[in-house]
Amino acid sequence: MRCVVPACAALLLAACSSGPMPAIPDDPQAALELAAGLLENQPRQARHVLESIDGSALPRLERERREVLLAEATAATGDLWDAYELIRDFTNQNRFSEHQPRLQDLQYRIGVALLERDASYFIFGSDDEDGRIVLTDFVERYPTDPNTASALQRLGEAAVEAERWDEARRRYERLIEDHPDSEWIPLAHFRRAMAEFEALEGPAYDLPSMRRARAELRDYLAVRKPERAELREPAERALAIVESWVAERYLLDAAFYRTLGNARGEAHWLDVLLEEYPTHADAPAWAAQRDRARAAAGASGGDTPEVKS
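What counts and how
- Residues numbered from 1 in each chain as written.
- Predicted model: local features only at pLDDT ≥ 70, side-chain atom pairs only at ≥ 80, totals over all residues.
- Heavy atoms only, no water.
- 1 Å grid on protein atoms, 1.4 Å probe; cavity = no way out; pocket = protein on both sides within 12 Å on 5 of 7 lines; lining within 4 Å.
- Points joined across faces, edges and corners; volume = space filled by probe spheres on them.
- Helix = DSSP H or I, 4+ residues; strand = E, 2+ residues; numbered from the N terminus.
- Nonpolar A, V, L, I, M, F, W, Y, C, P; charged D, E, K, R; others polar.
- Buried < 20%, exposed > 50% of the residue type's maximum accessible area, 1.4 Å probe, protein only.
- Contact = heavy atoms within 4.5 Å.
- Axes fitted to C-alpha atoms, helices over the stretch in contact; angles between N-to-C directions.
- Parallel < 35°, antiparallel > 145°, perpendicular 65-115°, else oblique.
- Left-handed = near helix turned anticlockwise from the far one by under 90°.
- Salt bridge = Lys/Arg side-chain N within 4 Å of Asp/Glu carboxyl O.
- Expected span 1.5 Å × (residues − 1).

A. Geometry of the layout of surface pockets. As a volume, the second largest pocket reaches approximately 190 Å³. Around the second largest pocket, the lining residues are Trp165, Asp166, Arg169, Ala195, Glu196, Ala199, Leu200, Glu201, Tyr205, Asp206, Ser209 and Arg212. Of all the secondary structure elements, the ones that give two or more residues to the lining of the second largest pocket are helix H8 (165-178), helix H9 (185-198) and helix H10 (207-224). Ranked by residues supplied to the lining of the second largest pocket, first place goes to H8 with three residues. Grouping the constituent residues of the lining of the second largest pocket by class yields five nonpolar, one polar and six charged.

B. Region of the structure containing empty space enclosed by the protein. One pass over the full model with this rule turns up one cavity of 30 Å³ or more. Lining of the largest cavity is provided by His189, Arg192, Ala193, Glu216, Asp219 and Tyr220. Counting only elements with at least two residues in the lining of the largest cavity, the list comes to H9 and H10. Residues of the lining of the largest cavity, tallied by class, amount to two nonpolar, one polar and three charged.

C. The arrangement of the side chain of Glu216 in detail. Turning to its location among the elements, Glu216 is positioned in helix H10. With a relative accessible area of 17%, Glu216 lands in the buried category. Those residues in contact with Glu216 that lie beyond four places of it in its chain are Arg192, Ala193 and Glu196.

D. Expanded view of the packing of helix H11 (residues 229-259) against helix H12 (residues 263-276). At their nearest, the axes of H11 and H12 sit 7 Å apart, and the two run at 165 degrees to each other. Here H12 runs roughly antiparallel to H11, going by the angle between their axes. You can see that H11 and H12 cross each other, and the crossing is left-handed. Two secondary-structure elements touch here, H11 through Val246, Ala247, Tyr250, Leu251, Asp253, Ala254, Tyr257 and Arg258 and H12 through Gly265, Glu266, Trp269, Leu270, Val272, Leu273 and Glu276. Partitioned by chemical class, the residues of the contact of H11 with H12 number ten nonpolar, one polar and four charged.

E. Layout of the pattern of salt bridges. Under the definition given, this model contains 35 salt bridges. With its nearest N and O atoms 2.7 Å apart, the salt bridge here joins Arg65 to Glu33. Taken together, the positions of Arg65 in helix H3 (residues 60-76) and Glu33 in helix H1 (residues 28-38) put the pair 32 residues apart, joining distant regions of the chain. For Arg65, a relative accessible area of 22% gives the class partly exposed. Given the relative accessible area of 40%, Glu33 is considered partly exposed. Residue Glu64 pairs with Arg60 through a salt bridge whose shortest N-O separation is 3.0 Å. You can see Glu64 and its partner Arg60 sitting in helix H3, four residues apart, about one turn around the helix. Each of Asp166, Arg169, Arg170, Glu173, Glu196 and Arg212 takes part in a single network of salt bridges with overlapping partners.

F. Molecular detail of H9. Given a rise of 1.5 Å per residue, 14 residues ought to cover 20 Å, and the 20 Å separating the end C-alpha atoms of H9 matches this to within 8%. Of all 14 residues that make up H9, eleven are buried, and the element is covered over most of its length. By the burial criterion, the buried members of H9 are Ile185, Leu187, Ala188, His189, Phe190, Arg192, Ala193, Met194, Ala195, Glu196 and Phe197. Looking at the buried positions of H9, the neighbouring elements they touch are helix H7 (148-161), H8, H10 and H11.

G. Representation of unusual backbone geometry in the model. For Glu163, which is not glycine, the phi dihedral falls at a positive 60 degrees. By secondary structure assignment, the location of Glu163 is in the loop between H7 and H8. The exposure class assigned to Glu163 is exposed, which follows from its relative accessible area of 57%. The residue Asp206 is not glycine, and still its phi comes out positive at about 45 degrees. Position of Asp206 relative to the elements: it lies in the loop between H9 and H10.

What follows is the structure in structure tokens.
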């Protein structure tokens, strides 16, 4: 057992408590009451008692209570993944238990604690990965839970930190669509737009993605009108970059058709460029280049290769 106190201290109030193990009563019900009394301040001892109880010797409701207490004690001793597995198994077998709200809250806190702890272990995985699994399961099982919007935000931030831009965009998009009244909505709109931008590789790649990122950033700044500088200024810088990339891409496409001897194709991309950036400082030079290409196309006569947008 790894005894590690996570940053989410509210979950593990006494994760590494010490002290002798108590004598375990022969009566399963008495042992259950003993464990319940130990849980808050001595979770390690409570877990020891709970694990010693034969659940089959208890009535159904008390057996459920033992399983819930064991999940809580397991989490409180730092074995967060093991606690999650206990919650998952209990939920799968007792879908309508009166304890379900209590376990939902515990699952959310376990996921948060794993993401905050993120102590990588050996080659087998990490707390971050486990936290993502726990919270992903949480948002899929409980889409209307009060903590689901925050769980999506946590998952989105974890994706941003790991530069998993498509995942980040999807998490925040779902938050926006399913929880429009959440306190996280201003951040979600910012993150969704920036994730589209961050996924770009530069002007030579994927014009539709650049156009989509440009549209997201334009919409974010024009519609959301962020007042906070830490949201507005990065979005403005990103938009300036993607605007320059799109323009550069149109010039690259025009140059490509020029090398093929396809003046009509060159003129087409310069028309697109001028239509989208009519006030750009270089617009007069682009227009002159476009006019030369049109003249060349007219002089060549006949058909020219197809122009692809």
